[in-house]
Every structure is written in C-alpha cells, then in structure tokens.
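A closer look at the structure
What follows is the residue order along each chain.
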Amino acid sequence: MLTAPTYASVQEAYVALLQLATKEPQHQIDARGNSASEVIGVSFRLPDPRQRLPYLAARKANPVFQFAETLWYLAGRSDLQMIGYYAPSMSTSSADGVHLGGSAYGHTLFNPGDTGPSRYDQVVELLQREPDSKRGYLPVFSVDELADRHNPDVACLAGLHLLSRQGRLHMICNMRANDLDCGLLSDVFSFTMIQEYAAIQLGLRLGSYTHTIGSAHVNDCNADRVRRVLDEAADRPSTTFAFPAMPADTTAATIECLMGHEERLRNNEQRYSLLHIRKRLSLHPYWQQVVILFELYRQLQHDRSEAVDPALLNALNAGLRWLMVRKWPACAAAAAGGAL
Ligand code: 5HM
C-alpha cells in the first residue's frame, strides 16, 4: 500500500505505532542523551480528525493542556508563562526562560512576517483564490535553527500542508521527529484543531488528516508506561466518545476572547461558576467546555481543592469528563461524591 494506512481514531494509530516501535524497532538510537527505539518513515491517516483524543487509563491524556496548547498556537504565542502553567516541563526547552523557540509553531504560522501577512493568512488567501492549489504549505522547521548547536528547541514539525479537495480541507503533517509516547498525542490534537479552524475560515468541510514522521521513536525511559498502554489496549475493548464539531462561527476573535478568560483564570483573578460560564460569557457551548476545563484547572492549581466543583465537572461532555476523572484525583473525588 503506497498511501498511509487509515485508523478510526488517534488512539488506534498511537497503539499501532507504539507496538511497531517497541516490538519491531529498526534502530536503537541515542540522540542528545535520550536512548530510544526507532522506526523511520512512518505515516497514518485519520479520515475523521475529530477522533483526536485517546481514552486509555494507562496514558492519562490531559485535555486541559491539549486545549491550552491549541489556543497558544492559534493565538500565535511563544511565551513560556502561559504554556508552562499547563506543562511545567516545557521550561527545559526554553533557551531564555521566557519564550519557546522552534516548538512555538503558532508563533511561526500565525504572526505577520517581515514581508507581509502570516504564513497561515497567505495560504488561506491562496486556497480561496485557487482551491485546487498544491502550494498551500505552511513551513515551520527552518535550517537556521541548527546554527546554534546548543539550541534546546528545534522544531519537530517540518510543516503542515493544506489541500482543498471537493469541498473538504485535508491536512498532511510532516514531522522530522515524533516522540510516540509523549509528543504524538498532543501534536495530533493541536494540528487537527488547526485544520478544523482553517476549514471553517475557508468555508470547507473537514477532510482527512495524514500524519507523517521521519524519526518515530519511544524513549527507553518511557518503556514501562508504553508496556502498560499496550497491555490495556490488548485486554479491554476500547472506550470511545464522539468529539463535537467546532462551531462554524469560530473566528480569531473567538480565540482572543478565550485567551482573555484563560489569562484571568490562570492568574487566579477570577473564578467562574457554571452559571456564569453559561449565561455571561457569550460563548458557544463548545467553547464553554474549554472555559470549564480552565476553571477546573484553576481550582486544582490555585485552590488546591481536594474535590473540584462537581457541577462544573458534570457539565463537561462525557469524553472530557472521563479524561479529567482519570487524570486528577480531585476530579475523581468530585465524581465519587456527586455520584456522576
Ligand atoms: O533532539 P530533538 O530536537 O530531536 O528532540 C526533540 C524531541 O521532542 C524528539 O523526541 C521529538 O520527537 C519530540 N517532540 C515531539 O514529539 C518535540 C516537539 C516540539 O517541537 C513536538 N513533538 N511537538
């Protein structure tokens, strides 16, 4: 088969890749102090890119981080202050302790360049003008990143290719390298969200998502967890939840509005009740879910609650609630107390 194999969800692709890299590795590598099992030149396709979250107890995906990273990208940000609140480990990739470098993909894609509009705006304009174009490529990796041999953050994403075909927007993602256990899931989540956002801007339906990787690897230090994931996937029928469609009226202003709420909650300047989120924020219920996640995370980080507000937890859609309950003991406590 010369085209990428198809999987119904990111979870299926993730499990298949973990299996391949750990059971049939092609290489054992040691790059920048990380020993890993590697396969090279792999790809998969998701005909429904909304199936972008895994539901595995052994791999506790963090939906708060997933949405935070997506918004950080869409808002064109590179600051460690915001993204580090959700993933403190990202500080090790920052050269100056203030900004991320190559991995701030949104900063590269969504900000105007020296010579005019952003890469993203140029590609949207191109596809509006010539839908069949093959030139809708959004480059991210730059060879300049290799000039500093101590650069801690060289973009793993080479680029995103947008193809408008028969009323649908397809995306091909090219990664020079992907950590299958740590990077792949959040990358697929964010890139498919960018794809869906772009489809809305172009008035197209969501097409397929194809993920291609140069070096696909599992670091040896994660081998135990990977084994547990593979055991769970083999033992139990998979849990699945439908992920809703992004509202068709989502614009850059929606992202800006969400970033405002995110900042106030991150800085603990405000606390939101369910009623406030539903009645006062003028946000589509889809985006209200994200504010609920940020408020729950505020309660975890700032209030250090032993049990989060059960009304908020209960208002999450079933898939997000499933993940939060498995990820955070204070969510599990709220779920147990409230008999959710
Ligand atoms: O030495 P190198 O720059 O390749 O190390 C970066 C590591 O982060 C690799 O294991 C890469 O696969 C992983 N990574 C990822 O999987 C990094 C980023 C951030 O650019 C990412 N996905 N988005």
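All of the points below concern the structure found in this document. (Residues numbered from 1 in each chain as written. Predicted model: local features only at pLDDT ≥ 70, side-chain atom pairs only at ≥ 80, totals over all residues. Heavy atoms only, no water.)

**Looking at the site of the ligand**
Definition in use: The nearness test applies per residue and asks whether one of its heavy atoms lies within 4 Å of the molecule or strand. Polar contact criterion, stated in full: a pair of N or O atoms within 3.5 Å, where within protein one must be able to donate a hydrogen and the other to accept it, and residues adjacent in sequence count only if both atoms are side-chain atoms. In this description, accessible areas are obtained by the Shrake-Rupley approach with a 1.4 Å probe, and a residue is regarded as covered only by the protein chains that are shown. A run of H or I in DSSP counts as a helix once it spans at least four residues, and a run of E counts as a strand once it spans at least two, with each numbered from the N terminus.
Neighbouring the ligand are the residues Arg-32, Ser-103, Tyr-105, Cys-156, Arg-176, Ala-177, Asn-178, Asp-179, Gly-183, Asp-187 and His-217. One of the backbone N or O atoms of Cys-156 is found 3.3 Å from an oxygen atom in the ligand. Asp-179 is positioned such that a nitrogen or oxygen atom in its backbone is 2.8 Å from an oxygen atom of the ligand. Here the ligand has 500 Å² of accessible area as a free molecule, and 75% of this is covered by the chains. Considering each element in turn, the shell around the ligand owes the most residues, four residues, to strand S5 (residues 168-179).

**Regarding helix H1 (residues 10-23)**
Note the cut-off: For a helix, the expected span equals 1.5 Å multiplied by the residue count minus one. A 1.4 Å probe rolled over the protein chains alone gives each residue an accessible area, and that area as a share of the maximum for its type sets the label: buried under 20%, exposed over 50%, partly exposed in between. Only heavy atoms matter for contacts: two residues are in contact if any of them lie within 4.5 Å across the pair.
In this model, H1 (14 residues) spans 19 Å end to end at C-alpha, consistent with the 20 Å of a helix rising 1.5 Å per residue. Of the positions making up H1, those classed as buried are Val-10, Gln-11, Ala-13, Tyr-14, Val-15, Leu-17, Leu-18 and Ala-21. Buried-residue contacts for H1 involve strand S2 (34-46), helix H6 (184-202), strand S6 (205-219) and helix H7 (223-235).

**Here's the deal with the side chain of Glu-38**
Note the cut-off: Charged-residue counts in this description rest on Lys and Arg as positive and Asp and Glu as negative, His and the chain ends being excluded. Salt-bridge detection follows one rule: a side-chain nitrogen of Lys or Arg within 4 Å of a carboxyl oxygen of Asp or Glu.
Positionally, Glu-38 belongs in strand S2. There is no salt bridge for the buried Glu-38, and the closest opposite charge comes from Arg-176, which lies 9.0 Å off by N-O distance. Excluding residues within four positions of it along the chain, Glu-38 makes contact with Pro-25, Gln-26, His-27, Ile-29, Ser-215, Ala-216 and His-217.

**Re the pattern of salt bridges**
All told, the structure shown has 12 salt bridges when counted by the stated rule. For the salt bridge of Asp-181 with Arg-225, the shortest nitrogen-to-oxygen distance reads 2.6 Å. Of the two residues, Asp-181 sits in the loop between S5 and H6 while Arg-225 sits in helix H7, which places them 44 residues apart along the sequence. For Arg-225, a relative accessible area of 25% corresponds to the partly exposed category.

**Let's talk about the sheet that holds strand S3 (residues 137-139)**
Basically, it comes down to this: Here, a strand pair is defined by DSSP locating no fewer than two bridges between the strands. Working convention: axes come from line fits to C-alpha atoms, limited for helices to the stretch in contact. Angles between N-to-C directions cover 0 to 180 degrees.
Read from one edge to the other, the open sheet built from six strands follows the order S1-S2-S6-S5-S4-S3, with strand pairing classed as mixed. Each edge of the open sheet carries a strand with a single partner, namely strand S1 (27-31) and S3. Sheet twist, expressed as the mean angle between neighbouring strand axes with direction ignored, is 25 degrees. Bridge count between S5 and S6: 10 bridges; the pairing is parallel. Its bridge partner lying in S6, Asn-178 is registered against Ala-216. Running at roughly 155 degrees to S5, H6 makes contact with S2, strand S4 (157-165), S5 and S6 of the sheet.

**Comments concerning the side chain of Ser-215**
Here Ser-215 lies in strand S6. Reaching out from Ser-215, the side chain makes a polar contact with the side chain of Glu-38 at a distance of 2.6 Å.

Purely geometric numbers; function is a separate question.
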